[in-house]
Amino acid sequence: MTREETSSRLAEFLRSARARLGPQEAGLEEEGFGRRRVPGLRREELARLAGVSVDYYTRLEQGRSPSASAEVLDALATALRLDDAERAHLHTVARPASVQRKRRSRPQRVHPGTWDLLDTLEDACRPAFVLGRRLDVLAHNRLAGRLITDFRALPAARRNQARFVFLDPHARELYTHWAAVAADTAAMLRLDAGRHPDDPALSALVGDLSLHSQEFRRYWSDNKVHRRTTGTKEYHHPLVGDLTISYQALTPGDDPDQIVFIYRAEQGSPSETSLRLLASWNAPGPGPTAPQAAPEHDSTALRNTGNRRR
């Protein structure tokens, strides 16, 4: 990535973050708000809050400054009220091009210990799955496949969470609050793009989603980033009805680009009953050998964890 491209990415993120922050949220005095043609802080207001000159900040936002120091970036992140994921993303996109090191992307492999974890969670009636770079679905246990979709049965190129959310009609019916899920998914993909700006497969994915989904284009242009840690989701499942599921995201120690999502329903709740009903469903499904995996995936990915026992 060239220095000009780095400056452009930094400028784009700063503009979008400034536009999302109102003067009241930034702690400015009400009498100084004045009449505004566009929402968000003015450049001079943000520069003052961050302790930098208006001219310097303007050059950053217009992509005319080659770099910014870590101290300046931290000051801007604080003034913009960025969360931890957004702050890290700001530092990532602001790195000079000379610091960016192009690495050959290696196929991601799911560690045997992670497979064992998926087995254990299956026994505990906990849906679980593993996302990799570009939100590729690297593995899931049987219950996660029944709750969301069985990615093993899809062509290799479609085993991707973003493709599922934006391009699969089933997703719009499955997620009770589809728009919120879609916005978070685009923001997660944007975070990944910041960490891997030279990934051609990611660029191709973004291009394909932009071509086929108007909603994705809108959410992508918001330039928001999001890192999932904990939260809840609501589902409207075609077999067992409405469920409220809480989740926790973990990162395996052997690959920081993988995330293990573990789902659970509140003990004794109707959602837990529905999950157990889903787990006992004996409809036929794919056998233990998954279809041929995508080039970036481990060749054993998405195997049937529900039948494996030690």
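An account of the accompanying structure is given in this report. Since the structure is predicted, the reported quantities are computational estimates derived from the model, not experimental observations. (Residues numbered from 1 in each chain as written. Predicted model: local features only at pLDDT ≥ 70, side-chain atom pairs only at ≥ 80, totals over all residues. Heavy atoms only, no water.)

### A look at the overall build of the protein
Condition: Helix and strand definitions here come from DSSP, where helices need a minimum of 4 consecutive H or I residues and strands a minimum of 2 consecutive E residues; each element is numbered from the N-terminal end. The rule is simple: take the accessible area with a 1.4 Å probe, protein chains only, and divide by the maximum for that residue type; under 20% is buried, over 50% is exposed, in between is partly exposed. By the convention used here, residues are in contact when the closest approach between their heavy atoms is within 4.5 Å. Here the accessible surface of atoms and residues is derived via Shrake-Rupley with a 1.4 Å probe, and residues count as covered only by protein chains that are part of the display.
Scanning the protein from terminus to terminus reveals 13 helices and five strands. A buried classification covers 50% of the 310 residues belonging to the protein. Counting only contacts in the protein whose residues sit at least 6 apart along the sequence, the fraction spanning at least 24 positions is 60%. Taken as a whole, the protein presents about 15500 Å² of accessible surface, with 50% of it coming from carbon and sulfur.

### Structural notes on the pairing of strand β4 (residues 241-250)
This is how it is decided: Should DSSP find at least two bridges between two strands, the strands are regarded as paired.
Where strand β3 (residues 230-237) and β4 come together, eight bridges link them in antiparallel fashion. Directly across from H236, in β4, lies its bridge partner D242. Counted along the chain from β3 to the antiparallel partner β4, the turn is three residues long. As defined by bridge partners, β4 adjoins strand β5 (residues 259-264) across five bridges and the pair is classed as antiparallel. Across the sheet, L250 pairs through a bridge with V260, a residue of β5.

### A closer look at helix α3 (residues 54-61)
Turning to α3, its buried residues are Y56, Y57, T58, L60 and E61. Two residues or fewer past α3, G63 is found with a positive phi of approximately 70°.

### Quick notes on the nonpolar core
The cut-off we apply is this: In these notes, a set of buried Ala, Val, Leu, Ile, Met, Phe, Trp, Tyr and Cys residues joined through side-chain atoms within 4.5 Å is what counts as a nonpolar core.
One finds I148, F166, Y175, L189, Y235 and Y263 to be the most contacted residues of the largest nonpolar core, which totals 43 residues. The biggest single contributor to this core is helix α10 (residues 178-195), with seven residues. With sequence-adjacent residues up to four places away left out, F166 is seen in contact with R172, W178, A182, T185, A186, L209, S213, E215, F216 and Y219. The next biggest cluster of nonpolar side chains, apart from the first, holds 28 residues, and it includes L10, V52, A77 and V225.

### Things to note about the packing of helix α4 (residues 70-79) against helix α5 (residues 84-93)
Relative placement of two packed helices is described by the angle separating their axes and the distance separating the axes. We count it as follows: An axis is simply a line fitted to the C-alpha atoms; with a helix, the fit covers only the stretch in contact. Between two such axes, the angle follows the N-to-C directions and lies from 0 to 180 degrees. By definition, any crossing whose near helix is turned counterclockwise from its far helix by less than a right angle is left-handed, and any crossing with a clockwise turn is right-handed. In this classification, Asp, Glu, Lys and Arg are treated as charged, Ala, Val, Leu, Ile, Met, Phe, Trp, Tyr, Cys and Pro as nonpolar, and every other residue, Gly included, as polar.
Contact geometry for α4 and α5: axes closest at 10 Å, N-to-C directions at 145°. For the pair α4 and α5, the sense of crossing is right-handed. Facing A70, L73, D74, L76, A77 and T78 of α4, the residues of α5 in contact are R87, L90 and H91. Per-class residue counts for the contact of α4 with α5 are five nonpolar, two polar and two charged.

### Here we look at unusual backbone geometry
The backbone of R81 shows a phi angle near 55°, a positive value even though the residue is not glycine. Position of R81 relative to the elements: it lies in the loop between α4 and α5. Phi is positive for L135, close to 65°, though the residue is something other than glycine. Examined against the element boundaries, L135 turns out to sit in the loop between β1 (128-131) and β2 (137-140). The buried category is assigned to L135, whose relative accessible area is 6%.

These results come straight from atomic positions and should not be treated as a statement about function.
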